[in-house]
Amino acid sequence: MRIGDNGAMRLLWACTLTLSLLAAGEKWTVDDLLLQETAGSLDLSRDGRLAVYTKSRIDKEKGESISHLYMKRVGETDEVQLTRGQDSESSPKFSPDGKKIAFLTSRRPATAAPSGAGQPPSGGGMQVWLMNVAGGEPWAATKMERGVRDFEWLDNDTLLLAASEDSSLFDQKVKDGKDTSQVVDDEKHAAPVRLFKFDLKGSKATRLTQNTDRITSVTASPDGKWALTIHNRSLAEIYNQKIKPVTFLHDLTTGKSVELFAGDKLYPRGFQWTADSKGFYFSAPYTTHPYLFNASVSRMYYYDVAAARRTEVNLGWENGLSFGWSVTPDGFVALMANGARNKVARYTRQGESISGGDTWTRAWIDADGVQTVKVSDDGKQIVYTHSTASSPAKWMLAGLDGAKFVDPKPFVETNKGFLKKPMAKTEVITWKGALDDQIEGILYYPANYQAGKKYPLVVMIHGGPFGHDSDSFSERWAYPHQLYTQRGAFILKPNYHGSSNYGLKFGESISGGKYNDLEWIDVEKGVDSLIAKVLVDPQMLGVLGWSNGSIITIELTTRTTRYKVAGAGAGDVNWSSDWGNAVFGDSFEQYYLGKTPMDDPQLYIKKSPLYRMDKVKTPTIIFFGTEDKQVPTEQGWQHYRALQHYGQTDVKFILFPGEAHGPRKYVHQKRKVEEELAWFDKYLFGTAKDENEALKAESSLAALVKAKKMGESPEVAERGTFSVGRFEVTRAQFKAFDSGYTVAPGTELLPANGIGFEQAKAYCEWLSKKTGQSYRLGTEEELGAMLTRSKSENTLDNWAGYTVNVDDAVKLDSLIAGMGPGALLKPVGSYMGSGEDPVYDLGGNVAEWVVDKEGKGKLMGGSADRPADAKAPVTTRTDYAGFRVVLAGR
């Protein structure tokens with residue numbers, strides 16, 4: 001083979017990959033990633049005995065994610081699902097006495113007026129609903145016209161709400177006139193979001209504030225006497241960050257409110273009160289820029305209410321906080337920013353120092369893989385999320401004794417089926433990047449990795465840029481790692497210059513005009529380091545990313561031609577148009593480019609990949625949502641049209657209607673993953689198949705095509721930890737085993753019938769010896785749920801033309817017997833298959849032998865001589881008995 005002959009190398013790789021997948025156990029599917037379950041929004045009752053939380057996953061029928069509430073007793077294994085249906089619930093919170101749960105939902109009460117029937121008595125948007133912990137149906141509590149933004153419990157009978165004011169006359173006129181026009185940044189008519197006290201017994205809301213701005217969050221003290229609110233004062237704040245949010249402390253007893261931190265460069269992002277309500281902790285970002293906070297480190301502060309004194313906690317850690325901290329009775333437990341792997345620390349408040357301020361001591365907690373923390377009110381228990389890039393997330397429950405997690409045990413687990421999947425090995429690696437700085441990243445190994453071999457590499461680049469890839473499990477539509485590693489590829493996820501969690505200097509290193517000067521070099525040097533280690537085939541490189549990851553991907557395609565394929569989701573190519581069109585255009589460009597396009601148009605041209613599209617030779621697939629305001633959809637059009645204009649490479653542009661910066665709908669997420677995989681299969685792995693778009697995979701026609709191509713060995717389809725015969729074993733296949741088995745001409749594709757249990761077992765043993773693979777009959781446990789009786793398949797109902805009951809079946813039996821053995825059988829695959837990788841005839845044709853729990857033979861499933869009556873036992877005639885094989889996973 002000639003060095004550099006990429007087509008031949010890809011062909012060789014395709015053959016190797018096919019063999020490795022055949023040897024693999026249960027493969028990952030697109031739906032494994034899209035339909036996975038996530039847990040969140042944990043709240044513990046004040047006595048520490050109960051936990052309530054959400055579990056979310058995509059509902060295929062609704063086509064998008066739905067969240068429901070779950071509850072369990074701390075220390076027990078059983079959990080109770082509290083809500084169901086196609087309406088989501090969020091933000092569950094226990095009442096102070098732990099007897100009720102309040103939550104937000106947009107569901108409407110059963111008695112609510114239908115849409116369009118005037119003013120809805122149930123209110124609009126998200127409302128607070130309640131449910132008793134002891135059981136019973138939830139009920140609507142609030143009926144705020146525009147919904148509730150945030151809420152807290154004040155006492156067992158009172159809620160504190162942040163909610164929009166009712167419609168003004170102006171609003172009503174616009175609505176009555178059916179005017180859908182939009183005025184950008186219309187501060188004059190933006191509805192204020194105010195604070196309300198809501199009496200649950202009387203279902204009455206009382207306005208507490210008259211602010212004209214918008215409250216975005218509310219945090220009440222445990223004793224219900226104080227509340228903290230954050231207020232947005234500019235609709236353009238996200239665009240230019242010029243008018244900052246403000247913080248207020250409300251004395252709910254006297255009704256007085258005071259603005260905190262006025263005149264300070266301090267903008268809290270989260271509050272947690274101490275259990276005694278005497279003070280609260282909060283984190284806030286710090287940056288050296290005069291007013292932009294695009295890159296920052298998080299610092300911790302404590303506020304003493306009585307003394308009206310704010311104290312910065314000396315964390316003793318340059319990188320600051322990471323995401324996640326929780327108050328204890330004497331301080332707090334926090335995740336400390338430490339690159340790809342956070343550290344865990346406990347800070348204990350020591351009281352006032354000689355200078356008059358509070359002090360804290362730090363003790364490191366020896367715990368790996370901790371991603372979130374939640375401490376009980378008494379400080380004796382902690383719930384934390386544990387995961388790594390190669391181990392799925394689960395919540396752990398442990399005792400908290402000083403700086404130790406004591407006796408940790410699984411608390412809430414999701415996606416247990418993932419444990420049966422071939423998980424890619426991962427490790428955190430480092431290399432020298434731009435400026436000779438150390439760069440860190442996550443490396444995923446290919447399935448069935450063998451030392452000494454070289455493999456393809458797919459670089460997956462995170463967004464942000466002020467974000468990072470951590471050593472945590474994160475399989476999703478944007479970055480489906482396992483689907484690529486099982487194709488035999490390494491994956492590199494670089495934390496390039498400008499990433500978060502590495503300190504302020506690193507985060508700010510690409511600001512002030514240095515944007516994209518360093519990041520792509522970091523990626524290139526990471527790839528070079530893997531090539532130097534003889535892990536990666538330099539002729540088989542691919543790159544993909546979303547948002548800022550897409551921006552770097554695009555930059556790379558203009559700098560080098562060594563990447564054979566690229567996937568670019570929601571990435572910029574023209575910074576001049578982005579400045580005006582993006583929802584945060586001015587703040588982003590002013591921070592990272594240092595100027596506006598009016599100040600320095602040449603800088604914007606220099607930084608924009610649009611003007612280097614003539615250099616791109618990499619086949620590129622582009623994705624965008626039509627409603628993307630973060631990276632406006634026009635960027636995708638410009639990228640596509642420029643590549644189309646030069647015509648030097650293949651390009652494909654896919655739009656997701658109604659979607660914003662990332663697809664939320666199941667069909668769009670699935671389309672993104674499958675299209676990108678097909679693109680990489682074609683241009684990197686060389687495994688793309690020339691499929692007939694007019695042929696439906698699960699159709700009878702597709703089945704006939706497959707059946708005609710079958711040889712003596714049955715074709716299988718993966719189902720969980722094993723593969724099952726796509727078809728029932730045919731007469732032709734059985735005759736290869738038993739030369740005395742009679743097969744009339746033209747009936748070769750009918751299922752083998754009249755087969756006994758021992759004969760079926762003997763066939764599997766013969767096939768195993770012949771092929772060197774482990775074939776057997778399926779067990780009742782494995783196939784019981786698959787083998788059904790369907791009147792839409794080859795059962796007696798189908799032949800009789802109606803739903804045959806047990807009495808009519810007896811009357812028809814003599815007619816069937818007179819037709820001869822197996823007269824009603826049809827060629828395998830004559831009816832629609834089941835599943836994306838279809839299996840046929842599970843509901844009819846011949847009843848099939850399985851092995852029961854005692855190791856004996858048992859016939860299961862429908863057959864052509866019996867009705868599809870699920871209530872009746874399987875009593876098929878012997879001439880309608882057959883089987884299909886199972887290929888054991890490895």
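Placed above this text is the structure.
This one's a predicted model, so the numbers in the text were calculated from it and none came from an experiment.

(A) Quick peek at helix α7 (residues 519-532). Taking 1.5 Å of rise per residue, 14 residues should cover 20 Å, and α7 covers 20 Å from first to last C-alpha, within 8% of that figure. Those residues of α7 not exposed but buried are Glu-519, Trp-520, Asp-522, Val-523, Glu-524, Gly-526, Val-527, Ser-529 and Leu-530. At the C-terminal side of α7, Val-534 shows a positive phi close to 60°.

(B) Region of the structure containing the pairing of strand β14 (residues 226-232). Here β14 lies mainly inside the structure; six of its seven residues are buried. Sheet topology places strand β13 (residues 214-220) next to β14; six bridges connect them, and they run antiparallel. By the bridge assignment for β14, Ser-217 is matched with Ile-230. Where β13 hands over to β14, the hairpin turn is made up of five residues, of which Gly-224 adopts a positive phi near 75°.

(C) Looking closely at the pattern of salt bridges. This structure, assessed with the given rule, holds 49 salt bridges. Among the ionic pairs, Glu-79 bridges to Lys-55, the shortest N-O distance being 2.6 Å. One end of the pair, Glu-79, is in strand β4 (residues 79-81); the other, Lys-55, is in strand β2 (residues 50-59), and 24 residues separate them in sequence. A relative accessible area of 32% means that Glu-79 is categorised as partly exposed. Measuring nitrogen to oxygen at the nearest pair gives 2.9 Å for the salt bridge that ties Arg-562 to Glu-524. Of this pair, Arg-562 sits in the loop between α8 (548-559) and β34 (563-569) while Glu-524 is found in helix α7, placing the two residues 38 residues apart along the sequence. Within the structure, one salt-bridge network assembled from shared partners comprises Asp-31, Lys-60, Lys-670 and Glu-674.

(D) Up close: empty space enclosed by the protein. Enumeration over the complete set of coordinates arrives at one cavity of 30 Å³ or more. Here the largest cavity defines a volume of roughly 30 Å³. Residue lining of the largest cavity: Leu-44, Gly-48, Val-74, Ser-376, Gln-381, Val-383 and Leu-397, and that is the complete set. By residue class, the composition of the lining of the largest cavity is four nonpolar, three polar and no charged.

(E) Spatial organisation of the packing of aromatic side chains. Within the structure shown, the criterion is met by 52 aromatic pairs. Ring centres of Trp-637 and Phe-653 lie 5.1 Å apart, and the angle between their planes is 90°; on these two criteria the pair is classed as edge-to-face. Highlighted residues: Trp-637 in helix α12 (residues 633-646) and Phe-653 in strand β36 (residues 651-656), separated in sequence by 16 residues. Feature note: the residues Phe-261, Phe-271, Trp-273, Phe-280, Phe-282, Tyr-301 and Tyr-303 constitute an aromatic cluster, connected by ring pairs. The aromatic ring of Trp-28 is capped on one face by Lys-421, whose charged end is 5.9 Å from the ring centroid.

(F) Just unusual backbone geometry, in detail. With omega at 5°, the peptide bond leading from Gly-464 into Pro-465 counts as cis. Inspection of the secondary structure assignment puts Pro-465 in the loop between β31 (455-461) and α5 (481-485). Although it is not a glycine, Ser-277 adopts a positive phi angle of roughly 65°. Judged by its relative accessible area of 5%, Ser-277 is buried.

(G) Fine view of the sheet that holds strand β8 (residues 139-140). An order of β5-β6-β7-β8 is seen for the four strands of this open sheet, with the pairing classed as antiparallel. If you trace the sheet from one side to the other, it starts and ends with β5 (89-94) and β8, each paired once. Judged from the two bridges that link them, strand β7 (residues 127-132) and β8 form a sheet pairing that is antiparallel. Counted as the bridge partner of Leu-130 is Trp-139 from β8.

Procedures and definitions
- Residues numbered from 1 in each chain as written.
- Predicted model: local features only at pLDDT ≥ 70, side-chain atom pairs only at ≥ 80, totals over all residues.
- Heavy atoms only, no water.
- Helix = DSSP H or I, 4+ residues; strand = E, 2+ residues; numbered from the N terminus.
- Expected span 1.5 Å × (residues − 1).
- Buried < 20%, exposed > 50% of the residue type's maximum accessible area, 1.4 Å probe, protein only.
- Pairing = 2+ DSSP bridges.
- Salt bridge = Lys/Arg side-chain N within 4 Å of Asp/Glu carboxyl O.
- 1 Å grid on protein atoms, 1.4 Å probe; cavity = no way out; pocket = protein on both sides within 12 Å on 5 of 7 lines; lining within 4 Å.
- Points joined across faces, edges and corners; volume = space filled by probe spheres on them.
- Nonpolar A, V, L, I, M, F, W, Y, C, P; charged D, E, K, R; others polar.
- Phe/Tyr/Trp six-rings, centres within 6.5 Å; stacked < 30°, edge-to-face > 60°.
- Lys NZ or Arg CZ within 6 Å of the ring centre and 35° of its normal.

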